[in-house]
There are 2 protein chains.
Amino acid sequence: MAKKTVEIKSDEKRLRVIISGVAPEIDAGCFPIKRSIGENVKVEADIFTDGHDAISSVLRYRRESESNWTETPMEALVNDRWAASFEVTELGSYYYSLLAWVDHFKSWRRDFEKKVNAGVDITIDLLVGAQLVTEAEKRATGADAKQFHVWGAELSDKSPKKLAKRTQIALDEALFDLMIRYPDRQYVTYYEKELRVVVDPVLARFGAWYEFFPRSMSPVPGRHGTFKDCEAQLQRVSEMGFNVLYFPPIHPIGRSFRKGKNNNPQCQPGEVGSPWAIGASEGGHKSILPELGTLEDFRRLVKRAREKKIEIALDIAFQCAPDHPYVKEHPAWFKKRPDGTIQYAENPPKKYQDIYPFDFETEDTAGLWEELKSVFDYWIEQGVSIFRVDNPHTKAFPFWEWCIGALKKEHPELIFLSEAFTRPKVMYRLAKLGYTQSYNYFPWRNTKAEITEYFTELTKTEVSEYFRPNLWPNTPDILPQYVQTGGRPAFAARLVLAATLGASYGIYGPAFELCDNRPRAAGAEEYLNSEKYEIKHWNLNAAGNLTEFISKVNHIRKENPALQSNESLEFHPVDNEQIVVYSKATEDLDNVILTVVNLDPHHIHSGWVELNLRQLGIEPEHGYQVHDLLTGARYLWRGARNYVELNPQFVPAHIFRVRRRIRSEQDFDYYM
Amino acid sequence: MAKKTVEIKSDEKRLRVIISGVAPEIDAGCFPIKRSIGENVKVEADIFTDGHDAISSVLRYRRESESNWTETPMEALVNDRWAASFEVTELGSYYYSLLAWVDHFKSWRRDFEKKVNAGVDITIDLLVGAQLVTEAEKRATGADAKQFHVWGAELSDKSPKKLAKRTQIALDEALFDLMIRYPDRQYVTYYEKELRVVVDPVLARFGAWYEFFPRSMSPVPGRHGTFKDCEAQLQRVSEMGFNVLYFPPIHPIGRSFRKGKNNNPQCQPGEVGSPWAIGASEGGHKSILPELGTLEDFRRLVKRAREKKIEIALDIAFQCAPDHPYVKEHPAWFKKRPDGTIQYAENPPKKYQDIYPFDFETEDTAGLWEELKSVFDYWIEQGVSIFRVDNPHTKAFPFWEWCIGALKKEHPELIFLSEAFTRPKVMYRLAKLGYTQSYNYFPWRNTKAEITEYFTELTKTEVSEYFRPNLWPNTPDILPQYVQTGGRPAFAARLVLAATLGASYGIYGPAFELCDNRPRAAGAEEYLNSEKYEIKHWNLNAAGNLTEFISKVNHIRKENPALQSNESLEFHPVDNEQIVVYSKATEDLDNVILTVVNLDPHHIHSGWVELNLRQLGIEPEHGYQVHDLLTGARYLWRGARNYVELNPQFVPAHIFRVRRRIRSEQDFDYYM
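These figures come from a predicted structure and were not determined experimentally. (Residues numbered from 1 in each chain as written. Chains lettered and ligands numbered in written order. Predicted model: local features only at pLDDT ≥ 70, side-chain atom pairs only at ≥ 80, totals over all residues. Heavy atoms only, no water.)

**Student:** Requested: an account of the overall build of chain A, with residues and values cited.
**Tutor:** Scanning chain A from N- to C-terminus turns up 16 helices and 31 strands. Seen through its principal axes, chain A has C-alpha atoms that stretch 110 × 70 × 45 Å. Relative to its 672 residues, chain A shows a buried fraction of 60%. Long-range pairs, those at least 24 residues apart, make up 76% of the contacts in chain A between residues at least 6 apart in sequence. For chain A, the computed accessible surface area is about 27100 Å², with 50% contributed by carbon and sulfur atoms. (Helix = DSSP H or I, 4+ residues; strand = E, 2+ residues; numbered from the N terminus. Buried < 20%, exposed > 50% of the residue type's maximum accessible area, 1.4 Å probe, protein only. Contact = heavy atoms within 4.5 Å. Areas by Shrake-Rupley, 256 points an atom, 1.4 Å probe, with all protein chains shown as cover.)

In structure tokens, the structure reads:
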């Protein structure tokens, strides 16, 4: 379909075609859309002209490094809407735009056919057609030009007995096809913007993240864990089906105002402090806490992980403990108080004296920006390509746009996960200006109405073009009330929701596997004895762990491409508010997954689901099989309305593969 | 509230505030919004910054001719949305934009108060406040600077016994108010666009149009009507309550291929032809058909009409009869066929040989554009300020944008009504690029669902910012099936709908008053013996005419400001599909009109309406009166749910004035 562009002239007054309402286009083209390698960009636009003339339009696109555009024709849908798509096959930026023009040959051909059918006189119309063909001859070369010449001459031949022959040529599809290849682009409307697509690795779209604290990974209780201990965990993490292993900050931890266990402002001797209080005499954001090991150890861990197809994600938290070397070396980067001390973080009346925020209004913006960017550069050199950025919403937006833009220009494979748990417009802005993925409100979307509304917003609106949600049912900061009160069935249900609603999801692993649901206090969403402030020793083989269940879910995700992206998500009505049902499908409907979750961790629930069969690719008159990939059970269903029942004490969810071709019980595998 | 802007510096890296999602803003600011004199422009935007700092924002606006901006503070709504408004008081263009900045004093004041309330140490905070006040002193002059100086000194006074006094000053509203007047605008984010408002006369928003053919206005059957005859009609038109009188084209009518009665391609001698076949040996678009009178007659008619508060609207149809002088004088403006003849209008296989369209791809674009614009200029000189433009969608869009823009720059009072009955996006585009008002799909929106959906689109979406509908239940081209079959009750219902759904509406008068509903053929939407092709003699006093009813409706429109704009339109549910109920209200809810229409012209219908009381300004626990302005009947209603019943043979509609203050029958006027 696609071909290289031809030369184009223009004249504004004669540009009769309008191109508007282009989608996707974020904030009038201020921000790029996002895709991962191998995905399509479907572009739509309103394209029309005055009067009744036919028009033609092409979508054009190019990689940032190329100057030549590739073109692909737009097709008319309905109501003046046109569409075309292209596939992105390489990392980095692509640009796309549109052009359209009045197509006199198309108009002529359409009207000529009507006149022939109505039996009215067409002798002058044939001469008009001949003119158009003769003009196309001038635009063509070689055999095509010759062919035009022959047709042009025949169409011009006024001898009465040639009329039938001329009419036949005029309506010849071969003429039409050749004319379309040599359009008259004298007066072409160019869409005024070149819109950008950022193409990320597949892992930006589809990945399973596992978080643990390296310092808790020692097999010996009481000993500080090391990167070597982490290496020993890689096999287990890989077997569970995770492909990103994310660590809280690995840097030296400040000593002044260090927090004790359970966020105690009074730290006892020997307490390890929070990894987010970054920087001490040993170094800052480019150093490693000595207890964890050496830079060599870290580099080897990254390499070993990659051998098991696991990427190590680092936490970048741009804030300093009072002992951070920056504090002395770059006092201009911090706000001073009238008494000469440095302004610590506050949420009045609460004080966070262990944390100094950077002052993004510093006179030394240039120095601060370059240094912060160099932190990423440093860890990229050590082999890291994924960064989970802590509280990006408390740093200036222009910094992120510049920093991520500059980094991704050199390293288009980078993935930045925004940890901004804040107001929606701030979260969306961070995504627009460069963040690859984003934490989101999933931890607090628990009811059917909440889940349906939120994931419809994330997948069915423009938001889906730039905001990729990464779904975490828990984090070291967040122990949602739902799992506090619901116990193991609640953890299992939230895992299935995260892993099937989100192509990208993650868990704060050990606490999740062991269904740790003890809050710091009643009503609090924080963990009791939080790992943020102390070293833990997890017994991951403890009874009741979810390890095998998690492995199974991750395996299902890998086997089923429907679960590897979010655009196809569709909710189906069920007559029970405690059951949520949704499907995902590949574009060719070859892989269709229907997930059913009982949201009540305490009781068995049943209901009648009303499926949107068209979305599942099912013909209403035929039966079909739903195969529960969690339990292996198979059900023969027919029509839109079917019964579901789930016991949370057993498994709180079905993950059905919908198998369309199997139409009766005799066709089931187990009958063969 | 509003004040003149102060000087502003900026530095991009430190611009921490984001302004986005500005509304109204049409197609990223490519097109202006529309207002009429005295209306408000309410501007909203998403405004936020990183972190927890407080921000301030102002809306600024100026007339096109001014270089100074006027500012008015934006107020925070919810979810990072801010709003402010300004009133437009003069014809022509205004511009508006926004700016916002991090407001360190506001942040400090908010945090200081929290700390005071929590009883924590505030001695250093007082010194921070003193610094901020001292900086403000530098920005101020005169008494304000002195006042800052006093406060700054007191806040800095470290003697312990001053603490209470200093705290009191820090929290003093007077300090806050003065600080707000001298903001620190060192790092201000300017919204990058200046958005335009076109301010039109009130008649652009609110007007009642009446159309007749001047040639049919002779009191003597068989004689060609004249402008003098039209003068004699002004009193009647004025008494009926119309303020725009619109004429089909008044130019010489072509003789070649002239159409006969009922669009007969064979014209009989003496037949008058269609006024839209413009141009003959007597002249073209700047000439008057001699039978109508002289230019002097026309100018006097315009003057006499204006004395009665009626504006004459002219029809501008840019197309030529074959005898039009342009055809000889400017052959380049028309498309030639290979046989040397000029291309006439076609809708294959139909031919319109009496009409030559202009070729907007002519080499002489400049000449054609200037000449067409000069047609408007000519009639403006004769006193015309309203133009109904025939089929604008068959002329190039760039021409209209240029032509209307240039004309309105010199004559901002002009009103252009677009007669584009075509696809929605084309109609909306014409409105965006300059048309003041637009014909629309009203003639084909007859059921409750159709009416509700269409008028919700027109009044509750962005469309309302640029597309002003003018509602016509009939035109010389359109005799809708609904009135063909429904007779007089259908005409009355459609009149009420047009006049209350649309602040602007119009009727093709004589045919409407007399309920002429005879179609050219069964299923056709055209009139039998259409006035387009012949002179008619209307007996406007015939029995069953709607004249008095129309007068009453127009009177109600004039008395009730709620009906003079469209934004407040709200539909209310009724449990009968044949009854539609909607309200309009002034912003202060002082004038509230509730319209109830029985859409079935054949049967009595009744139903229970479920009012949105809040929209009507009614407290649910109090009774209220609805006063039918059509019949004078008054009903005492209570609560949201009330009974309505309408007999179409009597009056098919209620136009209720909702009177909130009258709470029991004893308060009614007729009891006094």
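That covers the picture; the talk isn't over yet.
**Student:** Any details on the nonpolar core? Residues and values, ideally.
**Tutor:** Residue and element names in this part refer to chain A. The biggest cluster of nonpolar side chains holds 158 residues, and the ones touching the most others in it are F376 and F387. Counting residues per element, this core draws most heavily on helix α13 (residues 481-501), which supplies 12 residues. A domain-level breakdown of this core finds at least three residues from each of domain 1 (13-103 + 190-199) and domain 3 (564-671). Beyond its immediate chain neighbours, meaning those up to four positions away, F376 contacts I316, F318, F387, V389, W400, C403, L407 and F416. (Core = buried A, V, L, I, M, F, W, Y, C linked by side-chain atoms within 4.5 Å. Domains from an automatic or database assignment.)

**Student:** Help me get a handle on the sheet that holds strand β25 (residues 579-585) of chain A, residues and values and all.
**Tutor:** Residue and element names in this part refer to chain A. Spatially, six strands are ordered β24-β25-β26-β31-β28-β29 in an open sheet, and the strand pairing comes out antiparallel. At either margin of the open sheet sits one strand with a lone partner, and together these are β24 (570-572) and β29 (634-638). Averaged over all neighbouring strand pairs, the angle between strand axes comes to 30°, with direction disregarded. By the bridge criterion, four bridges tie strand β28 (residues 623-628) to strand β31 (residues 653-659) in an arrangement that is antiparallel. Bridging from a neighbouring strand, H627 pairs with R657 of β31. With respect to the sheet, helix α12 (residues 448-460) is in contact with β24 and β25, its orientation differing from that of β24 by roughly 155°. (Pairing = 2+ DSSP bridges. Axes fitted to C-alpha atoms, helices over the stretch in contact; angles between N-to-C directions.)

**Student:** An account of the relation of the copies chain B and chain A is requested, with residue identities and associated values reported.
**Tutor:** Least-squares fitting of chain B to chain A yields an RMSD of 0.1 Å, with the transformation described by 0.0 Å of translation along the axis and a rotation of 180°. Those values place the two copies in the arrangement expected of a two-fold rotation axis. For chain B, the minimum C-alpha distance to the rotation axis belongs to A28(B) and amounts to 2.9 Å. Looking at chain B, 100% of its interface residues are interface residues in chain A too, so the copies touch through the same face. (Least-squares fit on C-alpha atoms with pLDDT ≥ 70 in both.)

**Student:** Before we move on, could you go through the sheet that holds strand β13 (residues 244-247) of chain A and cite the residues and values that matter?
**Tutor:** Residue and element names in this part refer to chain A. Strand order across the open sheet formed by eight strands is β21-β20-β19-β14-β13-β12-β23-β22, with parallel pairing between neighbours. With one partner strand each, in any of the chains shown, β21 (437-438) and β22 (470-471) form the two edges of the open sheet. Inspection of the sheet shows β13 paired to strand β14 (residues 311-316) by four bridges, in the parallel sense. Residue F247 lies in a different strand from β14, and its bridge partner there is L314. Taken strand by strand, helix α7 (residues 295-307) contacts β13 and β14, and its axis lies near 135° from that of β14.

**Student:** Outline the environment of Y466(B), listing residues and values.
**Tutor:** By secondary structure assignment, the location of Y466(B) is in the loop between α12 (448-460) and β22 (470-471). Through-space distance from the C-alpha of Y466(B) to that of I33(B) is 5.1 Å; in sequence the pair is 433 residues apart.

**Student:** Which residues make up the interface of chain B and chain A, and what values go with them?
**Tutor:** Reports of interface size often rely on the accessible area that becomes lost once the parts have come together. Opposite the 58 residues of chain B that make contact, chain A presents 58 residues. Three residues stand out in chain B for area buried against chain A, namely K13(B), E361(B) and K425(B), and they jointly supply 14% of the buried area on that side. The interface formed by chain B and chain A contains 10 salt bridges. Between R423(B) and D80(A) there is a salt bridge; the shortest N-O distance is 2.8 Å. Linking chain B to chain A there are 22 residue pairs in polar contact (both at pLDDT 80 or more). When contributions to the side of chain B that touches chain A are tallied by element, the ones reaching two or more residues are β2 (17-23), β4 (40-49), α1 (104-118), α2 (123-139), α9 (365-381), α10 (397-410) and α11 (424-432) of chain B. Taken together, the residues of the side of chain B that touches chain A sort by class into 23 nonpolar, 11 polar and 24 charged. (Buried area = accessible area lost by both parts, 1.4 Å probe. Salt bridge = Lys/Arg side-chain N within 4 Å of Asp/Glu carboxyl O. Polar contact = N/O pair within 3.5 Å; in protein donor to acceptor, adjacent residues only side chain to side chain. Nonpolar A, V, L, I, M, F, W, Y, C, P; charged D, E, K, R; others polar.)

**Student:** Outline the state of the cysteines, listing residues and values.
**Tutor:** Under the counting rule described, the total for this entry stands at zero disulfides over all chains. Between C30(B), a free cysteine, and C30(A), which holds the nearest cysteine sulfur, the sulfur-to-sulfur gap is 12 Å. Overall, C30(B) belongs to the partly exposed group, its relative accessible area being 45%. (Disulfide = S-S within 2.5 Å.)

**Student:** Break down the packing of helix α2 (residues 123-139) of chain A against helix α4 (residues 163-170) of chain A for me, with residues and values.
**Tutor:** All names here are of chain A. Orientation of α2 relative to α4, taken along the N-to-C sense of each, is 50°, at an axis distance of 11 Å. By the angle class used here, α2 and α4 are oblique. Relative to α4, α2 is oriented so that their crossing is left-handed. Of the residues in α4, those touching α2 at T123, L126 and L127 are L163, R166, T167 and A170. When the residues that make up the contact of α2 with α4 are grouped by side-chain class, the tally is four nonpolar, two polar and one charged. (Parallel < 35°, antiparallel > 145°, perpendicular 65-115°, else oblique. Left-handed = near helix turned anticlockwise from the far one by under 90°.)

**Student:** Talk me through a negative patch on the surface; I want residue IDs and the actual numbers.
**Tutor:** A cluster of acidic side chains, namely E567(A), E587(A), D588(A) and D590(A), defines a negative patch on the protein surface. Along the polypeptide, D588(A) turns up in the loop between β25 and β26 (592-598). (Patch = residues over 30% accessible without salt bridge, like charges linked within 9 Å, V, L, I, M, F, W, Y side chains within 5 Å. Lys, Arg positive; Asp, Glu negative; His and termini not counted. Charge placed at Lys NZ, Arg CZ, Asp CG, Glu CD.)

**Student:** Before we move on, can you summarise the pattern of salt bridges with the specific residues and values?
**Tutor:** One pass over the structure, following the stated rule, counts 94 salt bridges over all chains. A salt bridge links D50(B) to R16(B); the shortest N-O distance between them is 2.9 Å. Of this pair, D50(B) sits in the loop between β4 and β5 (55-63) while R16(B) sits in the loop between β1 (3-4) and β2, placing them 34 residues apart in sequence. Looking at R16(B), the relative accessible area reads 7%, which means it is buried. Here D390(B) makes a salt bridge to R388(B), at a shortest N to O gap of 2.8 Å. For R388(B), a relative accessible area of 4% translates into the label buried. Members of the salt-bridge network, linked through shared partners, are K228(A), E231(A), D297(A), R300(A), K303(A), R304(A) and E307(A).

**Student:** Now, about the pairing of strand β20 (residues 415-419) of chain A: what can you tell me, with residues and values included?
**Tutor:** Residues and elements named next belong to chain A. Within β20, five of the five residues are buried, which leaves it mostly tucked inside the rest of the structure. With five bridges connecting them, strand β19 (residues 386-390) and β20 associate as parallel partners. Across the sheet, the residue bridging to D390 is E419, located in β20. Handedness of the crossover joining β19 and β20 through helix α10 (residues 397-410): right-handed. The pairing of β20 with β21 spans two bridges and is parallel. When the sheet's bridge partners are listed, L417 is paired in β21 with Q437. (Right-handed = clockwise from strand over helix to strand, strands pointing away.)

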